[in-house]
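Each chain, written out:
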Amino acid sequence: MPSYNSKLSRRAFGGAVGATAAAAAVGLGAGPASASDTARTEPGERPFRAARDRRSRRPNILFILGDDLGWADLSSYGSPHIKTPNLDRLARQGVRFTDAYSGSATCSPTRFSLYTGRYPGRTEGGLAEPIADKSAGLAPTHPTLASLLRSSGYATALIGKWHCGYLPDYSPTKSGWDEFFGNFGGALEYYSKLGLGGEYDLYEGDAEYKDLRYYTRILTERASEYVSRDHHGKPWLLNLNFTTPHWPWIADGDTAESAEIERRIKAGDARALWHQDGGSIEKYKQMVEDLDRSVGEVLKALARSGQEEDTLVFFSSDNGGERFSHNWPLSGNKASLQEGGIRVPNIVRWPARIDGGQVSRVPVFTPDWTATLLELAGTRPDPAHPLDGVSLAGYLLRGEKTAERDLFWRVRGERALRRGNWKYYRGKGGRDQLFDLAGDIREQADKAALEPARLAQLRAAWEKVDAGLLPYPG
């Protein structure tokens with residue numbers, strides 16, 4: 001498929017994409033050399049450069065998340081054995097970010113950071129890492145990406161994994177999404193739809209929906225139908241949250257393994273869904289490649305609808321990889337604030353405004369995309385709930401330079417902060433460490449003793465942010 005480099009529209013649609021003055025003032029740009037100067041560069045990629053002479057209408061937004069997909073699990077990010085031609089093509093048609101991070105190291109907190117644009121620790125529900133019962137959730141009174149876009153004229157839908165609270169108190173339809181089809185919990189068995197507590201967990205709106213086919217197929221059909229609709233002149237937001245490749249390690253067609261896990265769940269085995277006695281590198285490969293095919297199907301439906309040019313497509317993961325993920329050369333994985341737990345693939349394509357075949361080494365994280373999408377939609381954040389992310393719209397569309405800022409993370413027992421190429425990290429062992437990611441992406445050469453002043457500065461910066469967050473209970 002040819003690159004969008006030679007196919008981008010030069011048409012003006014009568015008015016620039018709306019932007020708030022505050023967000024424009026914090027535009028991001030090229031910045032310092034990054035950790036991923038040592039990372040893989042795809043053939044034909046060139047450093048990102050904004051195409052500044054274009055105008056368009058407000059974009060549709062297709063925001064796709066994989067679940068527990070590692071940074072290097074796509075072939076365009078270095079996987080030696082997993083083939084992801086559709087996502088690789090998406091990257092060639094847009095921008096591939098090498099130094100992109102999730103808002104946290106597990107499912108729920110990152111989703112909170114995306115939906116609110118804020119650190120998970122600013123809300124009680126975001127303190128659960130991840131949400132495991134009905135005691136916590138995203139308060140319906142809190143403004144979200146969906147509620148803010150809906151107030152500015154967008155149709156909104158969430159298809160797939162919610163994991164921000166359970167009924168009756170919490171639901172996408174209570175938090176700004178017009179439509180919801182998917183699961184409420186953190187994991188489900190792909191055929192029976194049984195969740196961690198043995199409950200059936202497939203819903204349309206707030207009502208159970210019976211469909212015992214393979215879950216990824218169902219979500220792909222639903223998403224393809226949504227992007228094919230006539231939305232009566234409205235732009236739309238679709239959050240498409242696959243559960244793939246999250247455990248259990250069930251690929252399409254593995255009905256015998258599915259039946260065995262279902263039997264164990266119904267027999268009261270509380271750990272059956274974790275599938276710690278199952279899976280393999282080959283099975284994981286099958287699941288990731290199925291995710292790639294599914295994304296490809298949705299993108300084909302978007303192209304057939306005639307909306308591809310004016311739709312911003314974003315792909316990422318909710319956190320780093322798990323047991324069978326290919327995380328090399330990163331250390332750590334899901335639940336850790338080492339690079340392997342929070343560094344994730346980020347791909348952005350918007351044919352009307354952004355050239356393809358580009359790579360960006362600017363450090364970004366999940367809340368930045370919330371701020372970016374609000375600015376692109378001409379929507380202001382709620383002043384009572386200020387964002388912790390900064391908009392990338394100035395960087396992507398106007399070529400603005402990067403503002404110096406820190407990326408902050410906190411999980412129980414761990415802390416991390418990135419400033420430029422330097423990363424401050426304290427793991428569960430309680431020892432402060434300092435890494436220069438420009439030459440040590442694997443976080444093995446601890447510079448704490450050699451750079452005590454820098455370590456103290458970054459530690460103080462982390463503690464200043466932490467002081468403004470809610471404390472963990474207990």
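Our structure's up above, just so we're on the same page.
In this text, all values refer to a predicted model and were calculated from it rather than measured experimentally.

About the thresholds
- Residues numbered from 1 in each chain as written.
- Predicted model: local features only at pLDDT ≥ 70, side-chain atom pairs only at ≥ 80, totals over all residues.
- Heavy atoms only, no water.
- Helix = DSSP H or I, 4+ residues; strand = E, 2+ residues; numbered from the N terminus.
- Rg over C-alpha atoms; globule rule 2.2 N^0.38 Å.
- Buried < 20%, exposed > 50% of the residue type's maximum accessible area, 1.4 Å probe, protein only.
- Contact = heavy atoms within 4.5 Å.
- Areas by Shrake-Rupley, 256 points an atom, 1.4 Å probe, with all protein chains shown as cover.
- Core = buried A, V, L, I, M, F, W, Y, C linked by side-chain atoms within 4.5 Å.
- Axes fitted to C-alpha atoms, helices over the stretch in contact; angles between N-to-C directions.
- Parallel < 35°, antiparallel > 145°, perpendicular 65-115°, else oblique.
- Left-handed = near helix turned anticlockwise from the far one by under 90°.
- Nonpolar A, V, L, I, M, F, W, Y, C, P; charged D, E, K, R; others polar.
- Phe/Tyr/Trp six-rings, centres within 6.5 Å; stacked < 30°, edge-to-face > 60°.
- Lys NZ or Arg CZ within 6 Å of the ring centre and 35° of its normal.
- Polar contact = N/O pair within 3.5 Å; in protein donor to acceptor, adjacent residues only side chain to side chain.

1. Notes on the overall build of the protein chain
From N to C terminus, the protein chain includes 11 helices and 17 strands. In terms of overall dimensions, the protein chain is globule-like: its C-alpha atoms have a radius of gyration of 21 Å, near the 23 Å expected for 474 residues. With the C-alpha coordinates of the protein chain rotated into their principal frame, the extents come out at 55 × 55 × 45 Å. Burial statistics for the protein chain: of 474 residues in total, 62% are counted as buried. Within the protein chain, residue pairs in contact and separated by at least 24 positions form 73% of the contacts whose partners lie at least 6 positions apart. Carbon together with sulfur atoms contributes 51% to the accessible area of the protein chain, which is approximately 17,300 Å² in total.

2. A closer look at the nonpolar core
Considering soluble globular proteins, one finds that nonpolar side chains tend to be buried as a cluster. Of all hydrophobic cores here, the largest spans 56 residues; its most connected members are Leu62, Ile64, Trp236, Leu238, Leu240, Val295 and Phe315. Mapped by element, the contributors of at least two residues to this core are β2 (60-66), α2 (85-92), β5 (155-161), α5 (215-227), β9 (236-241), α6 (255-266), α7 (281-305) and β10 (311-317). The element best represented in this core is α7, accounting for 9 residues. Not counting chain neighbours up to four residues away, the residues in contact with Leu62 comprise Trp236, Leu238, Leu240, Val298, Leu299, Thr311, Leu312, Val313 and Phe314. Counting residues in hydrophobic clusters, the runner-up holds 48 residues, among them Ala50, Leu149, Leu392 and Leu396.

3. Considering the packing of α5 against α7
At a minimum axis separation of 8 Å, α5 and α7 run at an interaxial angle of 15 degrees. Judged by the angle between their axes, α5 and α7 are roughly parallel. Crossing geometry of α5 relative to α7 is assigned as right-handed. Between α5, through Thr216, Arg217, Thr220, Ala223, Ser224 and Val227, and α7, the contact on the second element is made entirely by Asp290, Ser294, Glu297, Val298, Ala301, Leu302 and Ser305. Among the residues making up the contact of α5 with α7, the classes are represented as 5 nonpolar, 5 polar and 3 charged.

4. Description of α2
When we look at burial in α2, the residues that qualify are Asn86, Leu87, Asp88, Leu90 and Ala91. Those residues of α2 hidden inside the fold are in contact with β3 (95-97), α7, β10 and β11 (346-349).

5. Side note on the packing of aromatic side chains
Taken as a whole and judged by the stated rule, the model has 22 aromatic pairs. On the basis of an interplanar angle of 65 degrees and a centroid distance of 6.1 Å, the ring pair of Trp249 and Tyr284 is categorised as edge-to-face. Of this pair, Trp249 sits in the loop between β9 and α6 while Tyr284 sits in helix α7, and the two are 35 residues apart along the sequence. Take Trp249 and Tyr284: they sit in the same class, and that class is buried. Taken together, the aromatic side chains of Tyr101, Tyr119, Phe365, Phe408, Trp409 and Trp462 make up a single cluster linked through ring pairs. Note that Arg96 overlies the ring of Tyr77, its terminal NZ or CZ placed 4.7 Å from the centroid.

6. Notes on the side chain of Thr84
Relative to the helices and strands, Thr84 resides in the loop between β2 and α2. Among the polar contacts made by the side chain of Thr84, one reaches the side chain of Ser75 at a distance of 2.9 Å. Residue contacts for Thr84: discarding those within four places in its chain leaves Asp73, Leu74, Ser75, Ser76, Val288 and Asp292.

7. Some remarks on the environment of Leu392
Summarising the element assignment, Leu392 is placed in the loop between α9 (366-376) and α10 (393-398). Here the alpha-carbon distance between Leu392 and Thr106, two residues 286 residues apart in the chain, equals 24 Å.

In short, geometric facts, not functional conclusions.
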